[in-house]
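Residue-level structure breakdown
Chain by chain, the residues run as shown.
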Amino acid sequence: MIDIQLLRKDIDNVAARLATRKFQLDVAGFTALEAERKAIQTRTEELQSKRNALAKQIGMLKGKGEDTSAVMADAAGLGDQLKADESALIDVQARLAVFMEAVPNLPHASVPTGDDESGNVEVRKVGAPPVFDFEVRDHVDVGSALGLDLVTAVKLTGSRFSVMKGGIARLHRALAQYMLDTHTGEHGYTECYTPYLVNADSLRGTGQLPKFEADLFSVKKGGAEGEGETFYLIPTSEVSLTNTVRDEIVAIDSLPIKMTAHTPCFRSEAGSAGRDTRGMIRQHQFDKVELVQVVHPDTSYDVLEEMVGHAEAILKGLGLPYRVMSLCSGDMGFGATKTYDLEVWLPAQNTYREISSLSNCEAFQARRMQARFRNAAGKPELLHTLNGSGLAVGRTLVAVLENYQQADGSVLVPEVLRPYMGGLAALTP
């Protein structure tokens, strides 16, 4: 969450910045909560002062051997009022916390202003789209002859799932291995294995809860209906990786912390009915190699550029045409202060499609998680967190199938993947 002091000091400026994200800050609601909090705290301070004065008076009366019953009755009454105010303060602070949890991050000054994806700005374009001398087919048509089986997936589970067999399953695995090997061997990330189920605290820490609960899949641990702990399937391993520093004060010399993991991701895609229903572009279960860095606040924007380069290296290695987009204020994710999208060329759609999103969250997640480090003065200070795809494995497979398709229905295997494929140069129907 953002720093509540920003709202207390200059709420109009915060409201104006959030408006560029299409978020209307409830200024009146926050002002009312703050006024209630201040009134309770002021009253509490006054009551505590009175109680202290009465305590001294009782001591003096006892010293003189005089009756203290009336003064003690007054002090007891103040104690009851203080307890009531303590309860009221807890209540208003809880309502303030709920209010703050719903407020998105502030956009960085360098973020272009815009309402939606039409306001995104192209930073660079790399590689030329391939030219075909035959009719281009989409990844579903190409993949079906190579082991992509969407029909069986519907039978097993339902729509927006996939089954892969044979060579195409191996190619999918090869992509993930290539990504992990590159990020660990060349970019300095530590490979991690994390749970696919997390608790609610983890999702609150990275900002998926409470706002995006409808996008999550949940399961209940044992017991009858309504009993037992609720777990959530991860929408991305950003959740599990980033939360490893929740409630921690890490040593400054351990920074930056660079983590990567290959996991399945689970998303209900609430509100996306009718979008990309064909094939593997938008699925309820998909694989991703995630990149997470936990860094010193002074370095986070340099690190964001570095992470974009790490994701780009995969696309360059695979020889896939792509472009880098700087997202506008109205198209950024809830917790991001600045985001770049990498969009890969898909010949069948004759357009670029997102394959990675890389964001700096500054202290937004760290404040929710209470993830800190000790600065040079020994004082605890909030960390900055960054995350991004390095890359989405399924969408990368889609891009390989479409960009490397041949007239006879085969698909060339990019050279960097051939060692993972036993030297195989092409997948053939």
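- Labelled according to an unreviewed UniProt entry, the protein chain appears under the name Serine--tRNA ligase, originating from Massilia genomosp. 1.
- For the protein chain, the Sequence similarities (unreviewed entry) comment in UniProt is given as "Belongs to the class-II aminoacyl-tRNA synthetase family. Type-1 seryl-tRNA synthetase subfamily."
- The UniProt entry for the protein chain carries the following comment under Subunit (unreviewed entry): "Homodimer. The tRNA molecule binds across the dimer."

1. What about the pattern of salt bridges?
- This structure, assessed with the given rule, holds 17 salt bridges.
- Two residues, Asp-141 and Arg-278, come together in a salt bridge whose shortest N-O distance is 3.0 Å. Residue Asp-141 is found in helix 4 (residues 139-144), and its partner Arg-278 is found in the loop between strand 9 (257-266) and strand 10 (285-295); the two are separated by 137 residues along the sequence.
- For Asp-141, a relative accessible area of 37% corresponds to the partly exposed category.
- Among the salt bridges present, the one from Glu-269 reaches Arg-282, with a minimum N-O distance of 3.4 Å. In this pair, Glu-269 is assigned in the loop between strand 9 and strand 10 and Arg-282 in the loop between strand 9 and strand 10, connecting sequence segments 13 residues apart. One exposure class covers both Glu-269 and Arg-282, and it is buried.
- In this structure, a network of salt bridges that share partners links the residues Glu-122, Lys-125, Arg-323 and Glu-343.

2. Points about the sheet that holds strand 8 (residues 249-250)
- Across the sheet, which stays open at both edges, the three strands sit in the order 8-14-15 with mixed pairing between neighbours. The outermost strands of the open sheet, each flanked by one partner alone, are strand 8 and strand 15 (380-382).
- Sheet analysis places strand 8 next to strand 14 (residues 372-374), joined by two bridges and oriented parallel. Following the sheet pairing, Val-250 is matched in strand 14 by Phe-373.

3. Structural notes on unusual backbone geometry
- In this structure, the amide linkage connecting Leu-209 to the following residue, Pro-210, adopts the cis form with an omega of 5°.
- Structurally, Pro-210 is set in the loop between helix 7 (200-206) and strand 6 (218-220).
- Following Gly-390, the chain continues into Leu-391 via a peptide bond in cis, with omega recorded as 25°.
- Tracing the backbone through its elements, the reader meets Leu-391 in strand 16 (residues 384-392).

4. A short note on the sheet that holds strand 10
- Spatially, eight strands are ordered 1-11-12-13-16-10-9-4 in an open sheet, and the strand pairing comes out mixed. The sheet terminates laterally at strand 1 (121-126) and strand 4 (190-191), the two strands that pair on one side only.
- Pairing of strand 11 (residues 322-326) with strand 12 (residues 338-346) involves five bridges; the strand directions are antiparallel. For Ser-326, the partnering residue across the bridge sits in strand 12 and is Tyr-340.
- Here helix 6 (residues 166-185) sits on the sheet and contacts strand 4, strand 9, strand 10 and strand 16; the angle it forms with strand 10, its principal contact strand, is near 5°.
- Where helix 11 (residues 393-403) meets the sheet, its contacts fall on strand 9, strand 10, strand 12, strand 13 (351-360) and strand 16, and the angle it forms with strand 16 comes to roughly 35°.

5. So, the side chain of Glu-34
- Relative to the helices and strands, Glu-34 is located in helix 2 (residues 27-64).
- A distance of 2.8 Å separates a polar atom in the side chain of Glu-34 from a polar atom in the side chain of Arg-37.
- Contact partners of Glu-34, with chain neighbours within four places excluded, come to Arg-8 and Leu-96.

6. Topic: helix 6
- Compared with the 28 Å implied by 1.5 Å per residue over 20 residues, the 28 Å span of helix 6 between its first and last C-alpha is a close match.
- Listed in full, the buried residues belonging to helix 6 are Ile-168, Leu-171, His-172, Ala-174, Leu-175, Ala-176, Tyr-178, Met-179, Leu-180, Thr-182 and His-183.

7. Points about the UniProt feature "binding site: L-serine" (unreviewed entry) in the protein chain
- Using the residue numbers shown here, the UniProt feature "binding site: L-serine" (unreviewed entry) corresponds to Thr-236, Ser-237, Glu-238, Glu-290 and Ser-389. What stands out for the annotated residues spanning 154 residues is how close their C-alpha atoms remain, the widest pair being 9.7 Å apart.
- Structurally, Thr-236 is set in the loop between strand 7 (230-233) and helix 8 (238-242).
- In this view, Thr-236 contacts Cys-265, Arg-267, Lys-288 and Glu-290; residues no more than four positions away in its chain are not counted.
- Tracing the chain through its elements places Ser-237 in the loop between strand 7 and helix 8.
- By relative accessible area, which is 0% here, Ser-237 ends up buried.
- If sequence neighbours within four positions are ignored, Ser-237 has contacts with Thr-194, Ala-261, Thr-263 and Glu-290.

The rules we used
Residues numbered from 1 in each chain as written. Predicted model: local features only at pLDDT ≥ 70, side-chain atom pairs only at ≥ 80, totals over all residues. Heavy atoms only, no water. UniProt positions renumbered as here; feature names shortened; annotations may be inferred. Salt bridge = Lys/Arg side-chain N within 4 Å of Asp/Glu carboxyl O. Helix = DSSP H or I, 4+ residues; strand = E, 2+ residues; numbered from the N terminus. Buried < 20%, exposed > 50% of the residue type's maximum accessible area, 1.4 Å probe, protein only. Pairing = 2+ DSSP bridges. Contact = heavy atoms within 4.5 Å. Axes fitted to C-alpha atoms, helices over the stretch in contact; angles between N-to-C directions. Polar contact = N/O pair within 3.5 Å; in protein donor to acceptor, adjacent residues only side chain to side chain. Expected span 1.5 Å × (residues − 1).

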